[in-house]
Amino acid sequence: MSSSAPAPGTPPRPVRVLLVEDDDLMRRSFTVALERYGYEMRAAADGLTGLELFRDEPFDLLILDVMLPGLDGIGLCRRVRETSLVPVLMMSARGDGLDVVAGLEAGADDYVVKPVDTYVLVARIRSLLRRATYAAAPGPEPAADEGRPQAEGQVLVFGELTVDTGGMEVSVSGRPVALTPTELKLLLEFAAHPGIVLERHTLLRNVWDYGWDGDSRVVDLCVQRLRRKLGRERIETVRGFGYKLRR
């Protein structure tokens, strides 16, 4: 998350969301709807204005349309990822197009296809925020059904890869590796089951909180990003089944 937790006894501050959407009606509609759910909204109609707002103000989550004038959503996501691990949700009008893949490759954590119902959008936002809070808060481990390793403060070593499940820190050959909340939760899911093949639908449920069949591309693209950061040989593809972390 973008700022530290409030002092004890202080009411939690609203979650700050930046929405970048060029369609005026959709931008106003999403802004009003999300404000009703208690989110503090800022909105921009183009990518460059969105980038300026992102650089000037702290945000807990970004919602980026793919098709934007000037700097498109994919380019904006790349610029954001140069300096920040803030959760990013992409919106696409072409759910089966290359723009979805490009957005995930650029570092987005998830995507929704327009038109999207408000309750679906809010569900994806809450899922992303849970991952971000989870990744930022070391301490006692939650219950097993939440998909985390069950050893408090355990340091797991897989060759040159070290995963500190208490401190939420990852390193390769002693070099710290910065992971987005989604990448970190995916790695922790693998680390909790080393050498065991995890199917895509299992990862969608445990990492992305999909209670229904989701798009397995989000898993495949996030695995690719992890491989670029951790080494391509560390996560193995088991064709027809899924992936596993090599011990």
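Anything mentioned here points back to the structure above.
All values derive from a computational prediction rather than experimental measurement. (Residues numbered from 1 in each chain as written. Predicted model: local features only at pLDDT ≥ 70, side-chain atom pairs only at ≥ 80, totals over all residues. Heavy atoms only, no water.)

A. Focus on the packing of helix α4 (residues 98-105) against helix α8 (residues 217-230). Orientation of α4 relative to α8, taken along the N-to-C sense of each, is 35 degrees, at an axis distance of 9 Å. Here the hand of the crossing between α4 and α8 comes out right-handed. Residue-level contacts link V100, V101, L104 and E105 of α4 to R217, V218, L221, Q224, R225 and R228 of α8. Of the residues contributing to the contact of α4 with α8, the split by class is five nonpolar, one polar and four charged. (Axes fitted to C-alpha atoms, helices over the stretch in contact; angles between N-to-C directions. Helix = DSSP H or I, 4+ residues; strand = E, 2+ residues; numbered from the N terminus. Left-handed = near helix turned anticlockwise from the far one by under 90°. Contact = heavy atoms within 4.5 Å. Nonpolar A, V, L, I, M, F, W, Y, C, P; charged D, E, K, R; others polar.)

B. Quick look at the nonpolar core. L62, M90, L161, V170, L186, F190 and W208 are the most contacted members of the largest nonpolar core, which has 55 residues in total. Take this core: its biggest share by element is seven residues, from α8. Ignoring any residue separated from it by four or fewer positions in sequence, one finds L186 in contact with L203, V207, W208, C222, V223 and L226. Formed by 18 residues, the second largest nonpolar core is a distinct cluster that contains L89, V112, I125 and L128. (Core = buried A, V, L, I, M, F, W, Y, C linked by side-chain atoms within 4.5 Å. Buried < 20%, exposed > 50% of the residue type's maximum accessible area, 1.4 Å probe, protein only.)

C. Highlighting the sheet that holds strand β1 (residues 16-20). Overall, parallel pairing links the five strands, which are arranged β2-β1-β3-β4-β5 in an open sheet. Every other strand in the sheet has two partners, leaving β2 (40-44) and β5 (110-113) as the edge strands with one partner each. Between one strand axis and the next, the sheet turns through 20 degrees on average, direction left out of account. Direction of pairing for β1 relative to strand β3 (residues 61-65): parallel, over a ladder of four bridges. Across the sheet, the residue bridging to L19 is I63, located in β3. Contacts from helix α1 (residues 24-36) reach β1, β2, β3 and β4 (88-92), with the element oriented near 170 degrees to β2. (Pairing = 2+ DSSP bridges.)

D. Structural view of the packing of aromatic side chains. Summed over all chains, the structure comprises zero aromatic pairs. A cation over an aromatic ring shows up here: R16 above the ring of F59, its NZ or CZ 4.8 Å from the ring centre. (Phe/Tyr/Trp six-rings, centres within 6.5 Å; stacked < 30°, edge-to-face > 60°. Lys NZ or Arg CZ within 6 Å of the ring centre and 35° of its normal.)

E. Expanded view of the side chain of E21. Structurally, the position occupied by E21 is in the loop between β1 and α1. Here E21 falls in the buried class, since its relative accessible area comes to 0%. Reaching out from E21, the side chain makes a polar contact with the backbone nitrogen of D23 at a distance of 2.9 Å. With sequence-adjacent residues up to four places away left out, E21 is seen in contact with M26, R27, A44, A45, D65, L68, M91 and K114. (Polar contact = N/O pair within 3.5 Å; in protein donor to acceptor, adjacent residues only side chain to side chain.)

F. Summary view of the pairing of strand β6 (residues 155-158). Side-chain alternation along β6 places L156 and F158 on a buried face and V155 and V157 on a face that remains uncovered. The pairing of β6 with strand β7 (residues 161-164) spans four bridges and is antiparallel. What sits directly across from L156, in β7, is V163. Linking β6 to β7, which pair antiparallel, is a turn of two residues; within it G159 sits at a positive phi near 65 degrees.

G. Geometry of the sheet that holds β6. The four strands are arranged β6-β7-β8-β9 in an open sheet whose pairing can be described as antiparallel. Each of the sheet's edge strands pairs with one partner strand only, and the pair in question is β6 and β9 (175-176). Of the strand pairs in this sheet, β7 and strand β8 (residues 169-172) are connected by four bridges, and their pairing is antiparallel. Bridged to T162 within β8 is S171. Docked against the sheet, helix α6 (residues 181-191) engages β6, β7 and β8, running at close to 100 degrees with respect to β7.

H. Local environment of α4. Within the sequence span of α4, burial applies to D99, V100, G103 and L104. For α4, the angular spread of buried residues about the axis comes to 135 degrees, placing them on one side. Where α4 is buried, its residues meet α3 (73-81), β4, β5 and α8. (Arc of directions from axis to C-beta.)

I. Just the side chain of D110, in detail. Looking at where D110 falls in the secondary structure, it is placed in strand β5. At 2.7 Å, the side chain of D110 and the side chain of R124 are in polar contact. Once residues within four sequence positions are removed from consideration, D110 is found in contact with V88, L89, M90, L104, R124, R131, W208, Y210 and V218.

J. Looking closely at helix α2 (residues 47-56). Of all the positions in α2, only G47, G50, L51, L53 and F54 are classed as buried. Relative to the axis of α2, the buried residues are bounded by an arc of 165 degrees and lie together on one face. Residues of α2 that are exposed and point over 90 degrees away from its buried face: E52, R55 and D56. Elements that come into contact with the buried residues of α2 comprise β1, β2, β3 and α3. Capping of α2 at its N-terminal end is provided by D46; its side-chain oxygen lies 3.2 Å from the backbone amide nitrogen of L48.

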